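Structural overview for review
What follows is each chain in one-letter form.
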Amino acid sequence: MSNWMKAVCPYDCPGTCGFLVETENQKVVSVKGDPDHPMHHGLICEKMQNYERAVNSPERITRPLKRVGKKGEGKFEAISWDQALTEITDQWKKILKEDGPDAMIGLSSSGTQGWLQKSIVDCLFNKIGAREMVMTLCNGAKDAAIDSVMGGKGSLCGSELKDSDYYIVWGCNMRATNLHMLSLLTNERKKGKKVLLIEVCAVDTGKYCDEVILIKPGSDGALALAMMQVIAEAGLAADDFMKDFASGWEEFKATLPQYTPEWAEKITGLPAETIRRIALEFAAAKAPAVIGGTGACRRKNGGMNIRLTIILSAITGAWAQPGGGYVGGNPRSGSCLDRSMIFRPDFRTYHGKKANINLLSTILADTDPASKVKAFYVSGGNPVNAIHNQKAMEAGLSREDLFTVVHEQIHTDTTKYADYVLPATFSVEHTDVYTPASYCHIGTGMKIADAPGECKSNWDTICLLAKYMGFEDEQFTITAEEMLNRMLDKPLSPLCDMDPSAVATLREGGSVALPYSDHLHFPTPDGRFRIIDETLDEPVPRYLPDFDDPYPLSLTAIPGTLSLNGVFAGRHDLMERRGAMILYMNPADAAKRGISSGDQILAKNDLAEVAFTAEVTEQIVAGCVGAPGVYNKQDAGQELLVNALTHSRLSDIGEGTAMNGNYVEVVKA
Ligand SMILES: Nc1nc2c(c(=O)[nH]1)N[C@H]1C(S)=C(S)[C@@H](COP(=O)(O)OP(=O)(O)OC[C@H]3O[C@@H](n4cnc5c(=O)[nH]c(N)nc54)[C@H](O)[C@@H]3O)O[C@H]1N2
Ligand SMILES: Nc1nc2c(c(=O)[nH]1)N[C@H]1C(S)=C(S)[C@@H](COP(=O)(O)OP(=O)(O)OC[C@H]3O[C@@H](n4cnc5c(=O)[nH]c(N)nc54)[C@H](O)[C@@H]3O)O[C@H]1N2
Ligand SMILES: [Mo]
């Protein structure tokens, strides 16, 4: 008998969609968008439309595997769970005894965004005392900028954008990463509202906007400063509003006269008249919204770029109007549930070394006996394909004295290096609770399908590992469903103030809308929007440049429309449509190098030489090359991938990724 149940997309997107799953005999047969979803009303992306193909893939890992070949070869034999758990935990106990907890890393990466399945992994490694992970691979600098200016809260929810009257989409490939916002903007454009895109590469999203402005990579801070200079000079800054709303406005405003459009022209590559025009256009809007993506934050100057665009969003008084403000950070007014019940910071009694995920390749490649890592557990992650400096990553993972365990759904280039691979469930095969990054809702998805073979959820796997480690905490004896119920028994703000039907919906499986944030009061020290931040190395916002590498072209990673980092690698229908590894190039840069579309090219820097197929397009700014998507070796048909060219370096604030702050030369192959 066929049966439809509510579910939530588990992947690392700003939207966290709701969808309906049709099952027959506990097996998923089809999915469709949930028309009753409180935010997204049934729209789901092309990747999730055939989710059953991923769930039912014959390539799924269904039994625990033990390595029989060399590291990297990918040769395994199937073993029992009991054997796997015994051998893994025996090895961990030995390493802990001989080398201490600093020799261990437990990585719970972005594969699932579900709180239960993601944070239970952190719970075990808190208990063990393994290196504490600094998880800033998406947008660490942006988060730090939002913390600085807004105390981490107060962004607009995507749904509030219906009230805005003008939009700047700033460094966000919305066609790939935020379909719901794109659909809202498409509707609002029909009413005559303008969408301006400020990008370095507009291949995907440009066609959905009224105007595209391509700027030099990493020059966003200079553009924002010059726009503010124009607005202030024209007397269009909302000084009275800013006096109450913000701290530091007068002092910061006094620095603006030097940042003329002529000054910014040299940095951004935009004609001064264009900067003047868009600044005045922005100032003329009553409730403009700045929709900030992650592109500009993934650089050496990333945090400053984002601080400046957030400040720009406020200075005309837009934040006082419905729909006016900044989209990009957590828009919710509270956390709803107590996540620490899952990851248990109180379990951590040893506080040793930390490990920043952006520096993971360097950390794993370190062979110094005093500091080297001996045990590495990966859950929901694919470091070989997704993290910086692929060669160093593979060198580290090849070490005979690194004991690696990967919990995965399908084989990746990372599982090939594992000593043990454990088979993982898909979201519909376990229970979880999800909150999105750019919208105000919360949803739960219950286990609604049976997992194939011997797959186990992160929750169940971690509880078993804990048991075999000899940990007797009650935490590791309860089910994920029991934990969800306990959390729902003690809801936090705003869930505790809402109608009880909200909690009832979450107990059953479904999504509920939450109140929007307060956009006028912030959890900063004085409750105001903070322009000058004395806690930072750069208290007064100013222009900072990106890295100064000796290569001419900025290599920018672009989220692919048919992939979500490494997650859809097993969906061959999507991967075939995506095709080979492409590098977008501006016609001027291509002509200078005798390159045409379709040519085989090599991008190179001090780290590696990586092959691509050139795609020459006016939609990328001169001086920038764009690599869409995360590939694996099989789909790319080559050993070295984009991240062989990206350094393990950090942004100015927030210890964030600087993935876009890498430079290359490109030649015909
Ligand atoms: N389809 C799809 N969806 C995804 C993902 C995916 O890979 N595919 N990834 C998911 C994940 S993990 C995340 S973190 C989010 C990210 O999603 P968002 O936070 O919404 O931002 P992005 O779309 O990543 O923004 C990247 C854009 O920034 C541009 N850019 C790069 N450098 C600069 C610069 O210096 N200045 C300006 N102005 N623009 C610049 C790039 O060209 C690119 O278009 O998306 C999630 N959703
Ligand atoms: N060149 C380039 N590099 C990038 C990016 C880019 O756009 N370009 N994007 C960057 C960004 S924003 C991010 S967030 C990172 C992402 O990097 P990672 O966090 O490493 O994420 P993925 O590569 O998506 O790998 C996630 C893995 O988790 C598995 N998985 C999914 N659900 C579960 C589950 O429930 N349990 C377990 N055990 N496994 C599960 C999936 O099969 C998948 O292989 O990549 C970054 N790297
Ligand atoms: Mo991300």
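Relevant structure appears above.
Before going into details, it helps to say that this report is about the structure given with it. (Residues numbered from 1 in each chain as written. Chains lettered and ligands numbered in written order. Predicted model: local features only at pLDDT ≥ 70, side-chain atom pairs only at ≥ 80, totals over all residues. Heavy atoms only, no water.)

**Some points on the overall build of the chain**
Helix and strand counts for the chain come out as 22 helices and 27 strands. Relative to its length of 669 residues, the chain is compact, with a C-alpha radius of gyration of 25 Å against a globular reference of 26 Å. Principal axes of the C-alpha set define a box for the chain whose edges measure 75 × 65 × 50 Å. Sorting the 669 residues of the chain into buried and exposed places 62% on the buried side. Taking contacts inside the chain between residues at least 6 apart in sequence as the whole, the part at least 24 apart equals 76%. (Helix = DSSP H or I, 4+ residues; strand = E, 2+ residues; numbered from the N terminus. Rg over C-alpha atoms; globule rule 2.2 N^0.38 Å. Buried < 20%, exposed > 50% of the residue type's maximum accessible area, 1.4 Å probe, protein only. Contact = heavy atoms within 4.5 Å.)

**Section: the sheet that holds strand 8 (residues 166–170)**
Read from one edge to the other, the open sheet built from five strands follows the order 10-9-8-12-13, with strand pairing classed as parallel. Two strands in the sheet have a free side with no partner beyond their single neighbour: strand 10 (211–214) and strand 13 (325–327). Adjacent strand axes in the sheet meet at a mean angle of 20 degrees when their direction is disregarded. When strand 8 meets strand 9 (residues 194–199), the two strands line up parallel, connected through five bridges. Bridge pairing in strand 9 links Tyr167 to Val195. The sheet strands contacting helix 12 (residues 302–314) are strand 8, strand 12 (288–292) and strand 13, and the helix crosses strand 13 at an angle near 140 degrees. (Pairing = 2+ DSSP bridges. Axes fitted to C-alpha atoms, helices over the stretch in contact; angles between N-to-C directions.)

**Observations concerning the nonpolar core**
By size, the foremost hydrophobic cluster in this structure holds 82 residues, and its most contacted members are Trp92 and Leu161. Here this core gets eight residues from one element, more than from any other, and that element is helix 3 (residues 115–128). Once residues lying within four places of it in the same chain are set aside, the contact partners of Leu161 are Leu156, Tyr167, Met181, Leu184, Leu185, Glu188, Ala289, Ile291 and Val327. If you look at the next biggest cluster of nonpolar residues, it comprises 62 residues, including Ala224, Trp249, Ala314 and Tyr543. (Core = buried A, V, L, I, M, F, W, Y, C linked by side-chain atoms within 4.5 Å.)

**Points about the state of the cysteines**
Counting across every chain of the model gives zero disulfides. Looking at Cys9, it has no disulfide partner, and the nearest cysteine sulfur is the one in Cys17, 5.9 Å off. On the basis of relative accessibility, which here comes to 9%, the residue Cys9 falls in the buried class. With no disulfide partner, Cys157 has as its closest neighbouring cysteine sulfur the one in Cys440, 4.0 Å distant. (Disulfide = S-S within 2.5 Å.)

**Observations concerning the packing of helix 3 against helix 18 (residues 480–489)**
As a packed pair, helix 3 and helix 18 sit with axes 11 Å apart at the nearest point and diverge in direction by 100 degrees. The angle between the axes of helix 3 and helix 18 places the two elements in the roughly perpendicular class. Counted together, Trp115, Leu116 and Gln117 of helix 3 and Ala480, Met483, Leu484 and Met487 of helix 18 form the full contact between these two elements. Counted by class, the contact of helix 3 with helix 18 contains six nonpolar, one polar and no charged residues. (Parallel < 35°, antiparallel > 145°, perpendicular 65-115°, else oblique. Nonpolar A, V, L, I, M, F, W, Y, C, P; charged D, E, K, R; others polar.)

**Section: the pattern of salt bridges**
Taken as a whole, this structure holds 42 salt bridges when the rule is applied. Three or more residues joined by partner-sharing salt bridges are found here, namely Arg67, Lys71, Glu400 and Asp419. (Salt bridge = Lys/Arg side-chain N within 4 Å of Asp/Glu carboxyl O.)

**Description of the site of ligand 2**
Neighbouring ligand 2 are 30 residues, the closest being Ser109, Ser110, Asn382, Ala386 and Glu408. Within the side chain of Asn458, one N or O atom sits 2.9 Å away from a nitrogen atom of ligand 2. Side-chain polar atom of Asn643 to a nitrogen atom of ligand 2: 3.0 Å apart, as the coordinates give it. Relative to its unbound accessible area of 920 Å², ligand 2 is 97% covered by the protein chains. Counted by class, the shell around ligand 2 contains ten nonpolar, 17 polar and three charged residues. (Near = heavy atom within 4 Å. Polar contact = N/O pair within 3.5 Å; in protein donor to acceptor, adjacent residues only side chain to side chain. Areas by Shrake-Rupley, 256 points an atom, 1.4 Å probe, with all protein chains shown as cover.)

**Overview of unusual backbone geometry**
Residue Pro494 is reached from Ser493 by a cis peptide bond, and omega for that bond is 0 degrees. Counting through the fold element by element, Pro494 comes out in the loop between helix 18 and helix 19 (500–508). A positive phi angle is found at Glu655, which is not glycine, with a value near 50 degrees. By secondary structure assignment, the location of Glu655 is in the loop between helix 22 (633–636) and strand 27 (662–668). By relative accessible area, Glu655 is classed as partly exposed at 42%.

**Brief notes about the environment of Thr309**
Within the element layout of this structure, Thr309 appears in helix 12. Once the C-alpha coordinates of Thr309 and Ser109 are considered, the two residues, 200 residues apart in sequence, prove to be 28 Å apart. Non-local contacts of Thr309, meaning those with residues more than four positions away in its chain, are made with Trp170, Ala224, Val290 and Tyr326.

**Quick notes on the sheet that holds strand 19 (residues 441–445)**
One open sheet accounts for three strands, arranged 18-19-20; its pairing is antiparallel. Looking at which strands have only one partner, the edges of the open sheet turn out to be strand 18 (432–434) and strand 20 (510–513). Mean inter-strand twist for the sheet, computed between neighbouring axes without regard to direction, equals 15 degrees. Bridge count between strand 18 and strand 19: three bridges; the pairing is antiparallel. Bridge pairing in strand 19 links Asp432 to Gly445.

**So, the pairing of strand 27**
For strand 22 (residues 553–558) and strand 27, the ladder comprises three bridges, and the chain directions are antiparallel. Bridging from a neighbouring strand, Leu555 pairs with Asn662 of strand 27. Note: strand 24 (residues 600–604) against strand 27, four bridges, orientation antiparallel. Across the sheet, Ala603 pairs through a bridge with Val666, a residue of strand 27.

**Considerations on the site of ligand 1**
In the region of ligand 1, 32 residues are neighbours, and Asn173, Glu199, Asp220, Arg299 and Ser563 sit closest. Contact distances for ligand 1 include 2.8 Å between an oxygen atom and a backbone N or O atom of Gly218. Between Asp220 and ligand 1, the recorded distance is 2.7 Å, taken from a side-chain N or O atom to a nitrogen atom. Listing elements by their share of the shell around ligand 1, those giving two or more residues are helix 5 (174–177), strand 9 and strand 22. Across the shell around ligand 1, the residue classes break down as 13 nonpolar, 13 polar and six charged.

**Topic: the packing of helix 7 (residues 220–233) against helix 12**
Direction vectors running N to C along helix 7 and helix 12 enclose 25 degrees, while the axes themselves pass 8 Å from each other. The orientation of helix 7 with respect to helix 12, classified from their angle, is roughly parallel. In terms of crossing hand, the pair formed by helix 7 and helix 12 is left-handed. Within the contact between the two elements, helix 7 uses Asp220, Gly221, Ala224, Leu225, Met227, Met228 and Ile231 and helix 12 uses Asn305, Leu308, Thr309, Ile311 and Leu312. A breakdown of the residues in the contact of helix 7 with helix 12 according to their chemical character gives eight nonpolar, three polar and one charged. (Left-handed = near helix turned anticlockwise from the far one by under 90°.)

**Structural notes on the packing of aromatic side chains**
Inspection of the entire model under this criterion finds 20 aromatic pairs. Ring geometry for Tyr166 versus Phe282: centroids 6.4 Å apart, planes at 70 degrees, classification edge-to-face. A residue pair is termed long-range when its members are at least 10 positions apart, and Tyr166 in strand 8 and Phe282 in helix 11 (residues 272–284) qualify at 116 residues. Residue class for Phe282 comes out buried when judged on its relative accessible area of 0%. Pairing Trp249 with Phe252 gives two aromatic rings, centres 6.3 Å apart and planes at 55 degrees, and the pair type is tilted. You can see Trp249 and its partner Phe252 sitting in helix 9 (residues 249–253), three residues apart, about one turn around the helix. (Phe/Tyr/Trp six-rings, centres within 6.5 Å; stacked < 30°, edge-to-face > 60°.)

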